[in-house]
Amino acid sequence: MSTTKSLAYVRKEMLDQQPAPRSQVGFTRWARDNLFSGWFNTVLTLVSLFVIYKVLAATLPWIFGGVWNADSLAQCRVIMNEAYGNTHHACWAVIHERWNQLLYGFYPETQYWRANLAFVLMLASLAPVLFDKVPRKMLYLTMAFPFLLVWLVWGGTIWGVTSVAFGFALGGIAFKLVDRFGSMALSAIAAVAVAAVWWLFIGPSVVEGLNSVAPLGHLEEVQSRDLGGFMICVIIGISGIALSLPIGIVLALGRQSDLFIVKTICVGFIEFIRGVPLITLLFTASLLLNYFLPPGTTFDLTLRVIIMVTLFSSAYMAEVIRGGLAALPKGQYEAADALGLDYWKAQRLIIMPQALKISIPGIVNTFIGLFKDTTLVMFIGIYDMLGLSNAIRANAAWNGIYWELFIFIGGVFWICCFAMSRYSQWLERKLRTDHR
Amino acid sequence: MKKSVFLGALTLAGLAAGTAMAQDSSTLAAVKERGVLKCGVNPGTPGFAAPDASGKFVGFDVDVCRAVAAAIFGDSEAVEYTPLTSAVRFTALASGEVDMLARNTTWTFSRDVDLKNTFVGVNYYDGQGFMVPKDLGVSSAKELGGATVCIETGTTTELNLADYFRVNNMEYEPVPVESFTEAQTQFLAGACDVYTTDASALAASRASFENPEGYVVLPEIISKEPLGPLVRHGDDNWGDIVRWSLNAMIAAEEYGVTSANATELAKGTENPEINRLLGVEGELGAMLGLDNAWALNIITQVGNYGESFEKNIGENTPVGLARGLNAQWTEGGLIYSPPFR
């Protein structure tokens, strides 16, 4: 009996690997575990499926059977009656005819390229701020963008915005020069004073001179009244977002300051602004401000609104960031002190990076809220998308249309807000340095 | 020392503001310097004011703004329209955010006296009515006890409604809405049994419904709603300009002056009244501080009252209103302009 003789009950070669039973893998397994794991869940699943079916059966034909080409709601109905024998379909023709108004307001049609260019530049200048892989040199574009935006959107020659930018540059130089004497407060005051003198007294006459000598880069001027639609929401939203973060940081630091006056001012500002609804501030900006200004002064309405929206959201931002500061262990502050860092260095290198990271969800929350709040400008006579939807429906041709406009507007806002939300989640994951 | 410097600066600032105020008190001068008229309009009422597809405001009320601009600048397009909700219109006018309102506003005692406005005339005589679905089986407003009513906030219709139901010992449940279009949508969606507003707006609204036959406008008209343009107190010359711009449109219709024949008639006619209106005789324009061709500009660019009516809200438009009370006094209506003399 040789040892090589195989035993009858021992296999010589391995069986091929079998696929797992159908019931244990893939969709079947997933469905059984998640949808039909008991009689109660099975019932729930079936009910949900039925509801989803009902909703889709009602809405999909409405959405996809819609009419795209018509001059009025009445014509839409005629076309639907011919095609389907009923009028239970969307009349997208209103979007087809008025989409440009919904997006650009009453901006002159020949100048749309300016708005588009400003939008593309906005995305480009946001890129280096949002993503650290983008070349750092793009930050120069970011710094120039606010001035480019004003020039592109409102028009005129480039000298006006250049003068404003020059004022900032002068302020910066003054800051550096005075900074040598070592007093932060003194150099800040000097910077503001120099810039103000330029803006108020020297700048305007220089601009006037340059305009008459060399009207460089002259674009057709567009009045604030003609801005509207999605464009005004983006302009107000982006300005508010960009300005409220730094102001909010300063306010949050001020609130924690040991200096009595600074602290009182910051607390007073935050509590006052948070105690007043945004719509009240907007009414103040649009209607009541005229009582306090000398008659004849014109103060651009969009600018007034941007200022009010910024003040409003920076108060909220301050509290969000204060939450981040409060969440930092005391050891971090003490470590900064132990390293011999002064106040500003400690904030910049140790405290703020951590506090801001903690506050990301809150910050983005405030941003999204601010962006959606921009539709409130409808109440002070600026035609944002919601205001335009009313105006469009007041036109005899489209009187009676409803869902189509709001679905479009809702869709546009959803895309923007969802993008912000996804970005913040990505940023949180990227910045996670703890070991959980 | 420092305190006194500060106080001195404050005083100076106050004085500067004061003198600026004194210099600029004339609305006409301010408007001329600005180059555009700021006119407060309804953000959207079919036929009366709404932006069209190209963003240009059109409508019966808008034509009053255009007339004033034509009188001042000779250019009916020199208007900056500020859409205002009912709730903020008077504040906007009082604060100087707009120069005038042409925003289907009812002329009432308290708005004229207490809110310190000057109503310069009436461009549309309206009255409040009710619309109900036919299925409700109601044929008179007296049967509306217990109904839910869609009503625009901050309007006279809101107050009239309360008065009417109280006088007739009926209960109702208000459903407040912000704008005309909102009210219409709520009504169609069945959020309220009754929709009440000015009869003109009811007619316009019903005309746009998918099946107008399913709805009836009840016969009762429960209020007087004289709608007209207004300015704020304190500048009578400005009020005169707006008043006579409207009157010029009305008088032109009475005398048969239209946008088509005005230029021809301005060469001189037998009728001295027409001659004075069109600036051929007399110095009416100069008295207002305007060009003598002010009324001619209005009529050639905007048209007379009847033309504006027919173009925006007349029977051949979707709004489809009959002249009714708004016919000339010679035709049995209430539209009447004082003489141009």
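Residues numbered from 1 in each chain as written. Chains lettered and ligands numbered in written order. Predicted model: local features only at pLDDT ≥ 70, side-chain atom pairs only at ≥ 80, totals over all residues. Heavy atoms only, no water.

**Describing the packing of helix α2 (residues 27-34) of chain B against helix α9 (residues 236-255) of chain B**
Residues and elements named next belong to chain B.
Okay, so step 1: The contact between α2 and α9 brings their axes to 8 Å, and the two run at 65°. By the angle class used here, α2 and α9 are roughly perpendicular. The residues of α9 that touch α2, namely those facing T27, L28 and V31, are N237, W238 and I241.
Okay, so step 2: Among the residues making up the contact of α2 with α9, the classes are represented as four nonpolar, two polar and no charged. (Axes fitted to C-alpha atoms, helices over the stretch in contact; angles between N-to-C directions. Helix = DSSP H or I, 4+ residues; strand = E, 2+ residues; numbered from the N terminus. Parallel < 35°, antiparallel > 145°, perpendicular 65-115°, else oblique. Contact = heavy atoms within 4.5 Å. Nonpolar A, V, L, I, M, F, W, Y, C, P; charged D, E, K, R; others polar.)

**A short note on the sheet that holds strand β10 (residues 172-177) of chain B**
Residue and element names in this part refer to chain B.
Okay, so step 1: What the five strands build is an open sheet, ordered β10-β9-β11-β8-β12; its pairing is mixed. In this open sheet, the two edge strands, each paired with only one partner strand, are β10 and β12 (215-217). Averaged over all neighbouring strand pairs, the angle between strand axes comes to 25°, with direction disregarded.
Okay, so step 2: Alignment of strand β8 (residues 128-133) against strand β11 (residues 194-198), held across four bridges, turns out to be antiparallel. For M131, the partnering residue across the bridge sits in β11 and is Y195.
Okay, so step 3: Against the sheet, helix α7 (residues 180-188) contacts β8, β9 (147-152), β10, β11 and β12, and its axis sits at roughly 155° relative to β11. (Pairing = 2+ DSSP bridges.)

**Details of the environment of S205 of chain B**
Residues and elements named next belong to chain B.
Okay, so step 1: Tracing the backbone through its elements, the reader meets S205 in helix α8 (residues 199-208).
Okay, so step 2: Between the C-alpha atoms of S205 and P318, which are 113 residues apart in sequence, the distance is 9.5 Å.
Okay, so step 3: Not counting chain neighbours up to four residues away, the residues in contact with S205 comprise M131, F180, Q184 and Y195.

**Thoughts on empty space enclosed by the protein**
Okay, so step 1: Across all of its chains, the model carries four cavities of 30 Å³ or more by this definition.
Okay, so step 2: By volume, the largest cavity is sized at about 490 Å³.
Okay, so step 3: The wall of the largest cavity is formed by 37 residues, among which N42, T45, S86, R103 and E152 of chain B lie closest to the centre.
Okay, so step 4: Elements represented by at least two residues in the lining of the largest cavity include exactly α15 (385-393) of chain A together with β5 (100-106), α6 (156-167), α7, β11, α8 and β13 (225-232) of chain B.
Okay, so step 5: When residues in the lining of the largest cavity are grouped by element, the largest group, three residues, is from β5 of chain B. (1 Å grid on protein atoms, 1.4 Å probe; cavity = no way out; pocket = protein on both sides within 12 Å on 5 of 7 lines; lining within 4 Å. Points joined across faces, edges and corners; volume = space filled by probe spheres on them.)

**Some thoughts on the state of the cysteines**
Okay, so step 1: If you walk through the whole model with that rule in mind, you get three disulfides over all chains.
Okay, so step 2: Here C76 of chain A pairs with C91 of chain A through a disulfide, and the sulfurs are 1.9 Å apart. Around the S-S axis, the bridge from C76 of chain A to C91 of chain A shows a dihedral of about 85° and counts as right-handed. Here the residue C76 of chain A occupies a position in helix α3 (residues 73-84), and C91 of chain A occupies one in the loop between α3 and α4 (93-104), the gap between them amounting to 15 residues. Here C76 of chain A and C91 of chain A have matching classes, each one buried.
Okay, so step 3: With a sulfur-sulfur separation of 2.0 Å, C39 of chain B is cross-linked through a disulfide to C65 of chain B. In this structure, the disulfide formed by C39 of chain B and C65 of chain B twists by about -60° around the S-S bond and is classed as left-handed. Taken as a pair, C39 of chain B in strand β1 (residues 37-41) and C65 of chain B in helix α3 (residues 60-73) lie far apart in primary sequence, 26 residues in all. The pair formed by C39 of chain B and C65 of chain B is uniform in burial state, with each residue classed as buried. (Disulfide = S-S within 2.5 Å. Buried < 20%, exposed > 50% of the residue type's maximum accessible area, 1.4 Å probe, protein only.)

**Digging into the layout of surface pockets**
Taking a probe equal in size to a water molecule and rolling it over the atoms shows the remaining empty space.
Okay, so step 1: Taken as a whole, the second largest pocket holds about 540 Å³ of empty space.
Okay, so step 2: What lines the second largest pocket is a set of 20 residues, among which R77, G400, Y402 and W403 of chain A together with E210 of chain B lie closest to the centre.
Okay, so step 3: Taken together, the elements giving at least two residues each to the lining of the second largest pocket come down to α3 and α16 (403-431) of chain A together with α7 of chain B.
Okay, so step 4: With three residues, α3 of chain A is the single largest residue contributor to the lining of the second largest pocket.
Okay, so step 5: Each residue belonging to the lining of the second largest pocket can be placed in one class, and the counts come to 11 nonpolar, six polar and three charged.

**Observations concerning the interface of chain A and chain B**
By convention, interface size is frequently given as the accessible area that disappears when the constituent parts associate.
Okay, so step 1: Taken residue by residue, the interface counts 30 residues in chain A and 38 residues in chain B.
Okay, so step 2: Taken over both partners, the interface formed by chain A and chain B buries close to 2,900 Å², and the fraction arising from carbon and sulfur atoms is 55%.
Okay, so step 3: Counting every contact that joins chain A to chain B gives three salt bridges.
Okay, so step 4: A salt bridge links R225 of chain A to E80 of chain B; the shortest N-O distance between them is 3.6 Å.
Okay, so step 5: Put simply, chain A and chain B have five residue pairs in polar contact (both at pLDDT 80 or more) between them.
Okay, so step 6: For the side of chain A that touches chain B, the elements supplying multiple residues, two or more each, are α4, α11 (278-292), α12 (301-327) and α15 of chain A.
Okay, so step 7: By residue number, the principal contributor to the side of chain A that touches chain B is α11 of chain A, which donates six residues.
Okay, so step 8: Residues belonging to the side of chain A that touches chain B are distributed by class as follows: 14 nonpolar, 10 polar and six charged. (Buried area = accessible area lost by both parts, 1.4 Å probe. Salt bridge = Lys/Arg side-chain N within 4 Å of Asp/Glu carboxyl O. Polar contact = N/O pair within 3.5 Å; in protein donor to acceptor, adjacent residues only side chain to side chain.)

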